[in-house]
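Observations on the model geometry
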Amino acid sequence: MHNFFFDFDSTLADTRNVAVAATQQAFTVSGLTQPSRAAVVSYMGVPIEVSFAKMADHALTATELKALYATFREQYQQAEQLGIALFAGMADTLSELKSRGDRLYVVSSKHSVPLQRNLEQVGLGTTFAAISGSDTVANYKPAPYGILNLLNRFDLVAAESVMIGDAKYDMQMGHRAGVATAAAMWGAADPNSVKAEEPTYLLQAPAELLTI
């Protein structure tokens, strides 16, 4: 593999506690029933534009959802201060991949603005050739467009490309884009659902990316 597409949350960095805290607080501030931690975690990897309507205990209007998204982003920026950290070995692995000439990208379900902010927060602000957030595609994960757009933009060979993620949605997106898939088991909240997608590679630690 020479082209590496990374999910961010729970793949590059451990953001689970931040995402749960921000989501629950956003619902509370908005006067909605707070979703359980398990519910929030189960939807990680899915854009909030999809998951929030499903976690609400009653139907929300488009206006109410838009306000909820804005509240969540405010809460997330505050919750970030609780700490976002790269997984052990990730920084060295990325450095080694870059040094050997491989191309690195991020394909995430979060908006590009907080995505870039989070990358800078963990010292990866200039590591990736490009990022693809939820605002750059018309259809979200597991639709393949985040990957396909980058393949086309940088004239990359799909057979030399791999999508790395912790959730089944990442594996489904990779399959649909025609690239290899690598399950980041170090961050997987639901390992069985990830394995059920039959990823090309099942990885237990970031350093194993150097062997594929």
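Report on the accompanying structure. Please read these numbers as outputs of a predicted model, since none were measured by experiment. (Residues numbered from 1 in each chain as written. Predicted model: local features only at pLDDT ≥ 70, side-chain atom pairs only at ≥ 80, totals over all residues. Heavy atoms only, no water.)

Describing the pattern of salt bridges
Rule in force here: We define a salt bridge as a side-chain nitrogen of Lys or Arg found within 4 Å of a carboxyl oxygen belonging to Asp or Glu. Helix and strand assignments follow DSSP, with helices taken as H or I runs no shorter than four residues and strands as E runs no shorter than two, numbered in order from the N terminus. Accessibility here uses a 1.4 Å probe with only protein chains present; expressed as a share of the type maximum, an area under 20% marks a residue as buried, one over 50% as exposed, and anything in between as partly exposed.
If you walk through the whole model with that rule in mind, you get six salt bridges. A salt bridge links Glu49 to Arg73; the shortest N-O distance between them is 3.1 Å. Of this pair, Glu49 sits in helix α3 (residues 48-55) while Arg73 sits in helix α4 (residues 62-79), and the two are 24 residues apart along the sequence. For Glu49, a relative accessible area of 24% puts it in the partly exposed group. Several salt bridges share partner residues, and in doing so they unite Asp7, Lys141 and Asp170 into one network.

Some details on the side chain of Ser193
To keep things clear, this is the line we draw: The term polar contact refers here to a pair of N or O atoms within 3.5 Å; inside protein, the definition further demands a hydrogen-donor-capable atom paired with an acceptor-capable atom, and it admits residues adjacent in sequence only when both atoms are side-chain atoms.
Structurally, Ser193 can be placed in helix α9 (residues 191-195). Look at Ser193 and you get buried, because its relative accessible area is 18%. Of the polar contacts made by the side chain of Ser193, one reaches the backbone oxygen of Asp190; its length is 2.9 Å.

A closer look at the packing of aromatic side chains
Heads up, the condition is: Note on ring pairs: Phe, Tyr and Trp rings are taken, using the six-membered ring of Trp, and paired if centres are within 6.5 Å. Classes follow the plane angle, with under 30 degrees stacked, over 60 edge-to-face and the rest tilted.
Counting across every chain of the model gives eight aromatic pairs. Seen from their ring centres, Phe6 and Phe128 are 6.1 Å apart, and the 65 degrees between their planes marks the pair as edge-to-face. Highlighted residues: Phe6 in strand β1 (residues 3-6) and Phe128 in the loop between α6 (112-121) and β5 (130-132), separated in sequence by 122 residues. Per residue, the accessibility class of Phe6 equals that of Phe128, and both read buried. Joined through ring pairs, the aromatic side chains of Phe27, Phe52, Tyr69, Phe72 and Tyr76 make up one cluster.

Focus: the environment of Gly83
Applicable threshold: Contacts between residues were defined by any pair of non-hydrogen atoms, one from each residue, lying within 4.5 Å.
Mapping Gly83 onto the fold places it in the loop between α4 and β3 (85-86). Along the primary structure Gly83 and Ala183 are separated by 100 residues, whereas in three dimensions their C-alpha atoms are 24 Å apart. Apart from the residues within four sequence positions on either side, Gly83 is in contact with Asp14 and Val18.

A few points about the pairing of strand β4 (residues 103-107)
Stated formally: Here, strands pair whenever DSSP counts at least two bridges between them.
Most of β4 sits out of view: four of its five residues are buried. Across four bridges, β1 lies against β4 in parallel orientation. Looking at the pairing, Asn3 lines up with Arg103 of β4. Strand direction decides the pairing type here: β4 and β5, joined by three bridges, are parallel. Along β5, the bridge assignment pairs Val106 with Ile131.

Regarding the nonpolar core
The criterion, for reference: Nonpolar core, defined: a set of buried Ala, Val, Leu, Ile, Met, Phe, Trp, Tyr and Cys residues in which side-chain atoms within 4.5 Å join the residues together.
Formed by 47 residues in total, the largest nonpolar core has its most connected members in Phe4, Phe6, Phe8, Leu12 and Phe128. Judged by nonpolar contacts, the second largest core, of 12 residues, contains Val107, Ala130, Ala177 and Val179.

Considerations on α4
Worth spelling out the cut-off: Helix span, expected: 1.5 Å multiplied by one less than the number of residues in the helix.
Along its 18 residues, α4 runs 25 Å from first to last C-alpha, staying within 8% of the 26 Å computed at 1.5 Å per residue. Of all the residues in α4, the buried ones are Leu65, Leu68, Tyr69, Thr71, Phe72, Gln75, Tyr76 and Ala79. Buried residues along α4 sit against α1 (16-29), α3 and α6.

What about the sheet that holds strand β8 (residues 201-203)?
Heads up, the condition is: What counts as an axis is a line fitted to C-alpha atoms, over the stretch in contact for a helix, and the angles between N-to-C directions run from 0 to 180 degrees.
Here we have six strands laid out as an open sheet, ordered β5-β4-β1-β6-β7-β8, and parallel in their pairing. Two strands close off the open sheet at either side, each with one partner strand: β5 and β8. Adjacent strand axes in the sheet meet at a mean angle of 25 degrees when their direction is disregarded. With respect to the sheet, α6 is in contact with β4 and β5, its orientation differing from that of β5 by roughly 135 degrees. Each of β4, β6 (161-165) and β7 (180-184) is contacted by helix α8 (residues 168-177), which is oriented at about 165 degrees to β6, the strand it contacts most.

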